Amino acid sequence: MTEFFRIERPTFDPASGEAVFAYRLNDLAFTEKLVLPAGASESAAASPAFEKLLGLTAIVLGVSYFKLRAPFAIQAPGIALTAAERAFVIDVFENGLGEFYARNELARFGKLELTAPHDPAERKPAPDLPSRALLPIGGGKDSLVSVDLLTHTNEAFTPFAVNPKGPILTSVEAIGTPPLYVTRTLDPEMIRLGQETGYYNGHVPSTAINSMIASLCALLFGYDQIVLSNERSASEGNVMFDGRETNHQYSKSLGFELLIADTLANATGGALKYFSLLRPYSEARIASLFTKETKFDADFSSCNRNFRLNGNDGPLWCGECPKCHFVFLIFAPFMAKDRMLRIFGRNLLNDPAHEQSFRELAGLTGQKPWECVGEILEAAACFYTLTRHADWHEDAIVRAIKADLFAQYGEEKLQRAMAECLTDSHDHHIPPALAAKVAAYAV
């Protein structure tokens, strides 16, 4: 049998707020549901723009089911696509699943076939959307820096999340602005099969998925912007596989941002804008901006080990994973040591057991971890700063890697790298007026 993955035409009931997405993978059937808040605009739900976005959302959410077998044939017989939308879909199923393919050793790049009707209308009519932003909150430092920037530039925004738990809930409570939440229910059979022999499992482009869900809410509840909090280092990949660079953070990269922004703009006649407010910044620069505000210290977490889909099942920071180590490393040059220890509970740079992890982050051994961490040279530059920092230079990890750090990079390169980390990039997609206001505040 030739294997295939089929995406059915989705449905949405504005009265209940329920969107239903059906899929077939060979002889298997799956159903996923979204429950959006009450009060959706019925006229918006009936618009060509919403119909287009609902179909595209069905396709993007489908990656979770497709990856069980990763067949070469993808079918969407009830969802008409323009040529540009076809390119977008293939990008999501190829580069968006790049890490999944690499870690399962599946060669799929350039080999997928998408069958769907042709949509000759390149742009849908533009709905009337108020000037305000949906701001996805992930519970970590990045989106909270965006909160600070939007607040101080007097930009109207609403916190947004899908299946909020743990640090997302506590962060939104600290923000103090009423949020917009969506409940997403995955088909439990898909989750079960992902653990069975004969099926694949792995990373999916969650930012792409949540962005498409946000686009539905933007139309139904009236927002003309979806504002992400992705930094410039998200564009750096992890490894080469099957002739391409694969990137754990691909759907956070600038390349994908431009692609999905164009897709959403065409689907809404240019009414809906999509961009990352933090794109000009390195992770280190974002860490320095975070230090301006203390009210989120006890609520945020970037730890992926203790905060997963099932919520927060332990301390906010495990202190053992690469993400904890990276965030600790980039905060250290900018934040008082006593504040750091209150946030993380202990000094992660003074435990020799963590040396291998920190060496990987700085490019001194192994490969860049499959995590949402910054650029290798950026991590090395932060370490260089710590070797000259009164609070940190005597800590075990800093002393252990100093000689190798200097030998591999040289002081001059590390100095230049740190200066570059603190210099804002012009390579971003922020509307010019907002970019100017943010730059004036974030000095």
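Residues numbered from 1 in each chain as written. Predicted model: local features only at pLDDT ≥ 70, side-chain atom pairs only at ≥ 80, totals over all residues. Heavy atoms only, no water.

J.: Outline the pairing of strand 9 (residues 180-185), listing residues and values.
T.: Of the two faces of strand 9, only the one carrying Leu-180, Val-182 and Arg-184 is buried; Tyr-181, Thr-183 and Thr-185 on the other face are not. Sheet analysis places strand 4 (residues 28-35) next to strand 9, joined by three bridges and oriented antiparallel. Opposite Val-35, over in strand 9, you have Thr-183 as the bridge partner. With three bridges connecting them, strand 8 (residues 157-162) and strand 9 associate as parallel partners. By the bridge assignment for strand 9, Val-162 is matched with Val-182. Handedness of the strand 8-helix 7 (residues 167-175)-strand 9 crossover: right-handed. (Buried < 20%, exposed > 50% of the residue type's maximum accessible area, 1.4 Å probe, protein only. Helix = DSSP H or I, 4+ residues; strand = E, 2+ residues; numbered from the N terminus. Pairing = 2+ DSSP bridges. Right-handed = clockwise from strand over helix to strand, strands pointing away.)

J.: Explain the packing of helix 16 (residues 396-409) against helix 17 (residues 411-421) to me, using residue names and the numbers behind them.
T.: Direction vectors running N to C along helix 16 and helix 17 enclose 90 degrees, while the axes themselves pass 7 Å from each other. If you check the angle between helix 16 and helix 17, you find them roughly perpendicular. Between helix 16, through Leu-405, Phe-406 and Tyr-409, and helix 17, the contact on the second element is made entirely by Glu-411, Lys-413 and Leu-414. Classifying every residue of the contact of helix 16 with helix 17 gives four nonpolar, no polar and two charged. (Axes fitted to C-alpha atoms, helices over the stretch in contact; angles between N-to-C directions. Parallel < 35°, antiparallel > 145°, perpendicular 65-115°, else oblique. Contact = heavy atoms within 4.5 Å. Nonpolar A, V, L, I, M, F, W, Y, C, P; charged D, E, K, R; others polar.)

J.: I'd like a description of the packing of helix 15 (residues 376-387) against helix 16, backed by residues and values.
T.: Relative orientation of the contacting elements helix 15 and helix 16 amounts to 120 degrees, with a least axis distance of 10 Å. One element, helix 15, and the other, helix 16, form an angle in the oblique class. When you trace helix 15 past helix 16, the crossing you get is left-handed. Where helix 15 abuts helix 16, its residues Ile-376, Leu-377, Ala-380, Phe-383, Tyr-384, Leu-386 and Thr-387 lie against Ile-397, Val-398, Ile-401, Lys-402, Leu-405, Phe-406 and Tyr-409. Across the contact of helix 15 with helix 16, the residue classes tally to twelve nonpolar, one polar and one charged. (Left-handed = near helix turned anticlockwise from the far one by under 90°.)

J.: Can you explain helix 7? Please cite residues and give values.
T.: Restricting attention to buried positions, one finds in helix 7 the residues Pro-167, Ile-168, Ser-171, Val-172 and Ile-175. Each buried residue of helix 7 sits inside an arc of 130 degrees when the element is viewed along its axis, so together they form one side. Following helix 7 by one or two positions, Gly-176 has its phi on the positive side, about 85 degrees. (Arc of directions from axis to C-beta.)

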